[in-house]
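# What the coordinates show
Read off the chains here:
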Amino acid sequence: MILADRPASANADAVVLRTLCEVTPTDAGPVQHPGAEPGALARVTQAAEHVGEHRRVERDAPGMPQAQVRHRPGPGDEGPLPRARLGVLPDEPVTGDPDDGVVDLHPGRVQVEVDPRNRQALPDPLARREKESGQVEKAANEQSEPPGHGGLAWRVPSRGSHHPPRPLAPGDVVAAFCDELGEWSAAQIISLEPHDRQADVLDLDWSGAEPHDVADLGELKPLKLTLPGQRGVAQCHREWVLPRGHKNLGPAPLLTTRASLAWTLGWHTGFHLHLQRRWDAGLHGEPENERVHALDGDAVDVLPAGASFPDIRSLFVRGANTIDGARVVSAYPNLTHLNLWGKLSRLINASALNGLHRLRRFEVHDVFGMIPEDCLDPEQLTQLEYVDLDGVPADYAMAMRRAWTPEVGKGVFLRVSRAREPEWVKENLDNPLREWDGREGISARTYRRALTAWKQSTRPILEALLTPTAGVVQRALLIALGRDFARAFAEVSGPSYILETDELGELLDALQNLITTAPAAPGVDREEAIRALFEGIDQHGYW
């Protein structure tokens, strides 16, 4: 998850938000769509005003990304929230039902939140990285940021503040092989943004054999999408590290000077051309990706002996206690994408991952057990072009940074954040809020207050579970304790809503897990206890 902060300016990107109301910041001004609820126009206009200031990009895998603009109701706001489409540059107005909320977009998800009470964009709760936490989290060549900027999450080594790591300029046409198409595809660089280290990229309507120069593409045409929720040219901001699998064919006249309003992580050149061709052929269902495996829990470690899936290209492992790198390589020898999303999980035999010689993308979150000697070897993984480490052992993070920083100039995106010392791991094994430690936007003080609130508000809940009480009495008690729980974290969050939707959801998940696993007196109905607590939380009104 990335948060890219960008100062708002008078000539911010041309914003096209289409939903219940249509907002286009031009001289003509915004146009109210018939049927929009009162106040929707003003609220979405605020989103338009601030979309250039705070941008969020989420990545979901596997599956198609989505986009939406969210609005946090203020005093007097009623009715459904205005949902705004953004990121596509339509050839014609696009409107939709307020309940559909989200639209498919490039491989990433763009969201903007605006607080109408102070007209400030709300911080991104899932992109948070805090430098003051004392953890090792500077990326390979992190450069100084302007005072008060807070630091970009785009940590990309470059040849300087104004140049991408690989030669790239507006007008350049780049090409790469697209697995989905089985052919090469191409795109044009529309602009470069040194401040954010991003490139605005326009996909081209072309595929074929490997090109050697721009002339091999014939007449350049932008890819125009007619997919549901995606009408207009396929254009999106990406990190400006041109992946090593791409080649620069040289310059060509710009096909457009209009800026995109979509942001993503990863280039995926040719992917939307593949989707558009499927649609044109009458294949309107979700594309089935038979080359992706997603495993939850310890499924990766209970594979039958000798199991092998040579056709699988992407593997996503979620929540496993232990992941054996040697078994991953044995079962999935031809992976190009490996994503390990743990919960203080352990990765053993991590050095075996050097056997994944086709690996192009490596993402690790909250996984430990690796040592410096497990570092991926650039000489063995010559196709690797994307490395994202978040919540890994500090000495392993340092070794990876040292090994892969020289590869950035060859087209490797490298980011390392929230590296942890062994002491931190030991101290946080049973801490349900540990991922808040180091998130951008949650200060060390707020984190400590949240821990205190958790301990103080859950202690009486645990005591209530151990006390044999008549059902009606216990239900009333748990409802009251639910209100106390919500009140405690409302105070932590404060009037500026430091804790946002994602943190609140994590709190509810942690509370439900606590009730499910905690000791309880005989006859206590845990499901009923959870319902009573949540009823009390709802009564408080903060959630």
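Here is a short report on the structure shown in this document.

Quick look at the nonpolar core now. Core analysis: the largest hydrophobic core is formed by 42 residues, its most contacted members being Leu335, Leu338, Leu353, Phe362, Leu376, Leu389 and Met400. For this core, the secondary structure elements donating two or more residues are strand S18 (314-318), helix H3 (325-331), strand S20 (337-348), strand S21 (361-368), strand S22 (386-390), helix H4 (394-404) and strand S23 (413-417). The greatest single-element share of this core, amounting to 6 residues, is contributed by H4. Excluding its chain neighbours within four sequence positions, the residues that come into contact with Leu376 are Leu353, Asn354, Phe362, Leu381, Leu384, Tyr396, Met400, Ala403 and Trp404. Ala488, Tyr497, Leu507 and Leu514 belong to the second-largest nonpolar core, a separate cluster that totals 37 residues.

Turning our attention to unusual backbone geometry. Of note, Asn349 is a non-glycine position whose phi angle comes to about 50°, a positive value. Residue position: Asn349 is located in the loop between S20 and S21. Phi angles above zero are rare outside glycine, and Arg418 is one such case at about 50°.

One pass over the structure, following the stated rule, counts 16 salt bridges. Residue Arg439 pairs with Glu435 through a salt bridge whose shortest N-O separation is 3.9 Å. The exposure class of Glu435 is partly exposed, given its relative accessible area of 22%. Between Arg487 and Asp484 there is a salt bridge, with the nearest N and O atoms lying 2.7 Å from each other. Within this pair, Arg487 and its partner Asp484 are both found in helix H7 (residues 471-493), separated by 3 residues, close to a single helical turn. Overall, Arg487 belongs to the partly exposed group, its relative accessible area being 37%. Bridged by salt links that share partners, the residues Glu435, Arg439, Glu503 and Glu506 form one connected network.

About the cut-offs
Residues numbered from 1 in each chain as written. Predicted model: local features only at pLDDT ≥ 70, side-chain atom pairs only at ≥ 80, totals over all residues. Heavy atoms only, no water. Core = buried A, V, L, I, M, F, W, Y, C linked by side-chain atoms within 4.5 Å. Buried < 20%, exposed > 50% of the residue type's maximum accessible area, 1.4 Å probe, protein only. Helix = DSSP H or I, 4+ residues; strand = E, 2+ residues; numbered from the N terminus. Contact = heavy atoms within 4.5 Å. Salt bridge = Lys/Arg side-chain N within 4 Å of Asp/Glu carboxyl O.

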